[in-house]
Amino acid sequence: MKNKIELTVNGKGHALAVEPRRLLADVLREDCGLHGVHIGCAHGACGCCTVHVDGAPRLSCLTFAVQCDGKTIETVESLGGTDATHPLQQAFRKHHGLQCGYCTPGFLMALVPFVDAKVREGTMPPEAEIRDAMSGNICRCTGYQGIVEAVQDTIGQGLRSQGTGQ
Amino acid sequence: MRPTEFAYHRAETIEHALALLAEHGEDGRPISGGQSLVPMMNLRLARPAHLVDVNHLDMARIEEDADTIRIGALVRHETYLTHPLIARHLPAMLEAVHWIGHPTIRRNGSIGGSLCHADPTAELAAMAVLHDARIVLASTGGRREVAAVDFLKGAYVTDVQPGELLVEVIFPKPTGPHVGTFDEVGERLGDFAIGSFGVRLEHDGTRVRRLATVCGGARMVPIRMTELEAGAAGQPLSALDPVAFGQKVTAMVSPSGDFRASAEYRRNLIGELASRTLQRARDQAMGMK
């Protein structure tokens, strides 16, 4: 049996018929063609599949698409396109925040709201707070240091551009 | 892996949810944040034929009356971190919540879901036991309250009967000055704990009025060290000896070993955590921070 749902994904409407057991991650990849949604563990341990549902990060492997009827979803594709122009994506490149790149979409979708919130607050968080913000995401290539530096760099840029912080 | 087939029902009211759960009995399961249930379904360890989505029900409030704090089943873990009632009345909970999963899990997971999942070292289960919380279960037949220690029956086993929905958790307020601490050790930040310990200390500034404890990792459910609690009541705060307390806890617990930690390591870890949490609670009570 299939349920009819409507999703707004990266600003585009999708009317879909889905089996209730299908994960949001699978529907985004297979029905919406958004292959930036990566599935690592499918049980909430790795964070690769993080997307935004109604503006807040959520693990799309722990969400059934049928639960998202009427909701607004953003995936990594909404950030900086295939050129990866978002400041955090650029900072990942500059600071070696990725190697194989499999985990990167999850890190970006978990960290972009964190970076935005810190810039709005006008504060550079201590490293421990950055590491806590990314504690739900696993990276097996970088050792995380480059990702921490990318976050610090991006928050620093945001603070300078609005004339707050150092 | 992916879940087995199920039918999805979005409940619009509590009565609607209870009717759906009554209709589907053993085959029905409520879903809220899904942070515990969906992994179990993806691994096919849980195979509900009917999923009743309760996320839209009016059960997401934290309220107080004269003697209690009432936490709705849908309250998300991150809520406690900034809620004034929690900071004032349940300080141990404030410390425990930092250890639950990761930010994304804390944003979506609910207290009802966590308690019904009943992982042996889940922080909220430990908090329910530490604070003598009462669990409110509703069904089409009415409501009943169960003490947290009776609700948690074993690893992933609770007192929830087919057709029942956890709707609220009632935490008694402490009477008079009090402090609370919690600490745990896991393999990775956000993983389930290898061992944990929590303390709640009610005092009058110089003496212990009441000590409550909770220990995670020693058994398949969080346990109280009732003998040590009774021994501390009435003692001067300055007479509380954290090192001796930790040694007694180590001697009293007999955890099992597994792939994450040997029984011996876990026993000593729990004793050390007991010592540290009691020391911090004592120092806070004595105004030493």
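Please read these numbers as outputs of a predicted model, since none were measured by experiment.

What counts as what
- Residues numbered from 1 in each chain as written.
- Chains lettered and ligands numbered in written order.
- Predicted model: local features only at pLDDT ≥ 70, side-chain atom pairs only at ≥ 80, totals over all residues.
- Heavy atoms only, no water.
- Helix = DSSP H or I, 4+ residues; strand = E, 2+ residues; numbered from the N terminus.
- Rg over C-alpha atoms; globule rule 2.2 N^0.38 Å.
- Buried < 20%, exposed > 50% of the residue type's maximum accessible area, 1.4 Å probe, protein only.
- Contact = heavy atoms within 4.5 Å.
- Lys, Arg positive; Asp, Glu negative; His and termini not counted.
- Charge placed at Lys NZ, Arg CZ, Asp CG, Glu CD.
- Polar contact = N/O pair within 3.5 Å; in protein donor to acceptor, adjacent residues only side chain to side chain.
- Pairing = 2+ DSSP bridges.
- Axes fitted to C-alpha atoms, helices over the stretch in contact; angles between N-to-C directions.

For chain B, the count of helices and strands is twelve helices and 13 strands. In summary, chain B has a C-alpha radius of gyration of 19 Å against a globular reference of 19 Å for 289 residues, a match within 12%. Once the C-alpha set of chain B is aligned to its principal axes, its extents read approximately 60 × 45 × 30 Å. Per-residue burial over chain B gives 57% buried out of 289 residues. Counting contacts in chain B only where the partners sit at least 6 residues apart, residues at least 24 apart contribute 64% of the total. Measuring between centres, the 31 positive side-chain charges of chain B sit 3 Å from its 35 negative side-chain charges.

As a further point, take the side chain of A:Lys118. Of note, A:Lys118 is situated in helix H4 (residues 104-121). At 2.7 Å, the side chain of A:Lys118 and the side chain of A:Glu129 are in polar contact.

Residues and elements named next belong to chain B. With respect to the element layout, Arg224 can be found in the loop between strand S13 (208-216) and helix H10 (226-232). Those residues in contact with Arg224 that lie beyond four places of it in its chain are Val129, Leu130, Asp132, Arg210, Ala212, Thr213 and Glu229. At 3.0 Å, the side chain of Arg224 and the side chain of Asp132 are in polar contact. Here the side chain of Arg224 touches Glu229 through a polar contact of 2.8 Å, side chain to side chain.

Look at A:Ala42: it is not a glycine, yet its phi comes out positive at around 60°. Here A:Ala42 shows up in the loop between helix H1 (24-30) and strand S3 (50-53). Even without being glycine, B:Tyr156 reaches a positive phi, approximately 65°. Relative to the helices and strands, B:Tyr156 resides in the loop between strand S8 (152-154) and strand S9 (157-158).

Attention now moves to the sheet that holds S13(B). The strands making up a sheet are joined through hydrogen bonds of the backbone, oriented either antiparallel or parallel. Residues and elements named next belong to chain B. One open sheet holds the three strands; their spatial order is S11-S12-S13, and the pairing between them is antiparallel. The two strands at the open ends of the sheet, each matched to only one other strand, are strand S11 (178-186) and S13. The mean inter-strand angle of the sheet, taken between neighbouring strand axes irrespective of direction, is 10°. Summarising the sheet, strand S12 (residues 193-203) and S13 pair through eight bridges and their orientation is antiparallel. Paired with Leu201 across the two strands is Leu211, which belongs to S13.

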